[in-house]
Structures are given as C-alpha cells and as structure tokens.
Amino acid sequence: IGDRAFEGRRRQAGAGLTPPGQYPVEDFPVLTAGPTPSVSRDGWDLTVVDETGETAARWTWAEFRALPVEDVTVDIHCVTKWSKLGTRWAGVSVDTLLDGVDTSAGFVVAHCDGGYTTNLPLADVVDGRAWVAFGYDGADLEPEHGGPARLLVPHLYFWKSAKWVRCLRLLDEDEPGFWESVGYHNYGDPWREQRYWDD
Ligand SMILES: Nc1nc2c(c(=O)[nH]1)N[C@H]1C(S)=C(S)[C@@H](COP(=O)(O)O)O[C@H]1N2
Ligand SMILES: [Mo]
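Residues numbered from 1 in each chain as written. Chains lettered and ligands numbered in written order. Predicted model: local features only at pLDDT ≥ 70, side-chain atom pairs only at ≥ 80, totals over all residues. Heavy atoms only, no water.

Participant: Let's hear about unusual backbone geometry: which residues, and what values?
Facilitator: Cis rather than trans, the peptide bond between Gly 147 and Pro 148 has omega equal to 15 degrees. Mapped onto the fold, Pro 148 is located in the loop between strand 9 (139-140) and strand 10 (150-152). The backbone of Lys 81 shows a phi angle near 95 degrees, a positive value even though the residue is not glycine. Inspection of the secondary structure puts Lys 81 in the loop between strand 4 (70-77) and strand 5 (82-93). (Helix = DSSP H or I, 4+ residues; strand = E, 2+ residues; numbered from the N terminus.)

Laid out in structure tokens, this is it:
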C-alpha cells in the first residue's frame, strides 16, 4: 500500500487511529467553558442563517427529528490530548440540513445555547463529514455532552463540535469563534497538530 493510500485512510475520521500527541481514553471526558445550559426540546429550534442574514431554514425539535438519521462511528480528538476511538452517534447530516439552502458562502459559524461559537470552512461540514448529533451510544445525547443536539465534526479537534448548537450561520468571510479568537488554531486539524495559532 502506497504512502498516499495510507495517508488517505489514516485521515478518515473513523479509522481507529490516534493522531500525533494524543492518547486514547476509555471514559468520555466533559469539556465545557462555563456551565451546562439547560436546554428544553420545547421551544428548541435549529436554524440556518445565510450570508445575507436571512433565515434560510428552520426546524423545531419534531421537524428536526423527522429528518433522515445517520448512524456514525468516528474517532474524536480533544486538543487537551485525549482521543476517544470508535464513538457511536446518531445524527442528521449537515448535507441534509443544507439541502435546498441556496448559498455561495465559504464559511460557517455555529452558535450555541450559552453563547459558545466556533467557525469552520463550509467545505468541512459538507460531503458527509459533519452532523448535528442527538444520540450517543444508543441513547439520547446527555446534556453535559451537548444534548439535546450538538455539532459533530470528527475530522477536526473536538472544540469545533459545538454542543447545544442552535444556529449555523453562513458567511462569505471567515470569523473566529470562541477558542479561535483566544489563541487556538483557526482550522484545527489533529493530524497536523494544529492546536494553536502558530502551529
Ligand atoms: N457549546 C459548547 N460547545 C463545546 C464546548 C463548550 O465549551 N461549549 N467545548 C468544546 C470542547 S473544547 C470540546 S473538547 C468538546 C467536548 O465535548 P464533550 O464535553 O462532549 O467531551 O466540546 C466542544 N464544544
Ligand atoms: Mo477541547
């Protein structure tokens, strides 16, 4: 097998491999800047706001849960150096959420209950690489892990996987989120150890 093929496989989010500088854990650590917000499914909605500021799509909890569900098994990598391999999630693909949204945006900022934000290139949340997850390991996603629903972007450091996500805001110009604006890497590829601004 050539280097290229190995590289490609290694970079798949569910390959069961630990990136440089990371160690695998069995438990599931909770990392939140601040308290866990209490988020009720009543009154919950998920919106997509496009680059003109218009609400391009909106789902209530019931509408969101009526969307097609994908079961995904992926490895997750926290910048504090733990990786958890083979995590099992249920969620709605971001491709499904953006289906029918007419946009030429290049970036997205996820906005959450509690005020947390994180930014990503739009290309990194499409083509089957990102989900809004509501299930973990066969059960509802626990509040401390982002329930009722969180973003799941396993190919980037886990701070990009915004818990309690409520809005995907599409943007023409990139805009740093919470950790990205205080020294964490703007992109955050764990295979290239992009932990901090100058990595
Ligand atoms: N809303 C919100 N999402 C967040 C965070 C946060 O503080 N608030 N922390 C991020 C970080 S740094 C990590 S490592 C993961 C941790 O997810 P977990 O608590 O389910 O392990 O959530 C990410 N998403
Ligand atoms: Mo993290």
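That shown, we press on.
Participant: Quick one: what's the story with the site of ligand 1, residue by residue and with numbers?
Facilitator: Around ligand 1 lies a shell of 20 residues, among which Pro 29, Ala 33, His 145, Arg 150 and Lys 163 are the nearest. Between ligand 1 and Ser 161 there is a distance of 3.1 Å, counted from a nitrogen atom to a backbone nitrogen or oxygen. Within the contact set of ligand 1, an oxygen atom lies 2.5 Å away from a side-chain nitrogen or oxygen of Lys 163. Residues that form the shell around ligand 1 fall into these classes: 14 nonpolar, 3 polar and 3 charged. (Near = heavy atom within 4 Å. Polar contact = N/O pair within 3.5 Å; in protein donor to acceptor, adjacent residues only side chain to side chain. Nonpolar A, V, L, I, M, F, W, Y, C, P; charged D, E, K, R; others polar.)

Participant: Any details on the pairing of strand 2 (residues 45-49)? Residues and values, ideally.
Facilitator: Most of strand 2 is tucked away: 5 of the 5 residues are buried. Pairing analysis gives 5 bridges linking strand 2 to strand 3 (residues 55-60), with the strands arranged antiparallel. Each residue of the ladder has a partner; that of Thr 47, found in strand 3, is Arg 58. Note that strand 2 and strand 11 (residues 165-171) share 3 bridges and pair parallel. Bridge pairing in strand 11 links Thr 47 to Cys 167. (Buried < 20%, exposed > 50% of the residue type's maximum accessible area, 1.4 Å probe, protein only. Pairing = 2+ DSSP bridges.)

Participant: So what about the pattern of salt bridges? Which residues, and what values?
Facilitator: A pair can form between side chains of opposite charge whenever their charged atoms are brought close. For the coordinates displayed, the defined rule picks out 10 salt bridges. Between Arg 129 and Asp 124 there is a salt bridge; the shortest N-O distance is 3.5 Å. Residue Arg 129 is classed as partly exposed on the basis of its relative accessible area, which comes to 35%. Of the residues examined, Asp 124 reaches a relative accessible area of 5% and is grouped as buried. Counted as one network, the salt bridges with shared partners bring together Asp 45, Arg 58, Asp 113 and Arg 166. (Salt bridge = Lys/Arg side-chain N within 4 Å of Asp/Glu carboxyl O.)

Participant: An account of the nonpolar core is needed here, citing residue identities and associated values.
Facilitator: Core analysis: the biggest nonpolar cluster contains 39 residues, and Phe 64, Leu 97 and Leu 151 have the highest contact counts within it. Ignoring sequence-local partners within four residues, the contact set of Leu 151 consists of Val 94, Ala 110, Leu 120, Trp 131, Val 132, Lys 160, Ser 161, Ala 162, Val 165 and Leu 168. If you look at the next biggest cluster of nonpolar residues, it comprises 14 residues, including Val 25, Phe 28, Val 74 and Trp 131. (Core = buried A, V, L, I, M, F, W, Y, C linked by side-chain atoms within 4.5 Å. Contact = heavy atoms within 4.5 Å.)

Participant: How would you summarise the packing of aromatic side chains if you had to cite specific residues and measurements?
Facilitator: Each aromatic ring pair is summarised here by two numbers: the centre-to-centre distance and the angle between the ring planes. This structure, assessed with the given rule, holds 16 aromatic pairs. On the numbers, 5.3 Å between centres and 50 degrees between planes, the contact of Trp 44 with Phe 64 is tilted. In this pair, Trp 44 sits in the loop between strand 1 (23-24) and strand 2 while Phe 64 sits in helix 2 (residues 61-65), placing the two residues 20 residues apart along the sequence. Exposure class is identical for Trp 44 and Phe 64. Each is buried. What links up through ring pairs into an aromatic cluster is the set Tyr 116, Tyr 157, Trp 159, Phe 178, Trp 179, Tyr 184 and Tyr 196. Above the ring of Trp 61, the side-chain terminus of Arg 41 is found at 4.9 Å from the ring centroid. The ring centre of Phe 134 lies 3.8 Å from the NZ or CZ of Arg 65, which sits over that ring. (Phe/Tyr/Trp six-rings, centres within 6.5 Å; stacked < 30°, edge-to-face > 60°. Lys NZ or Arg CZ within 6 Å of the ring centre and 35° of its normal.)

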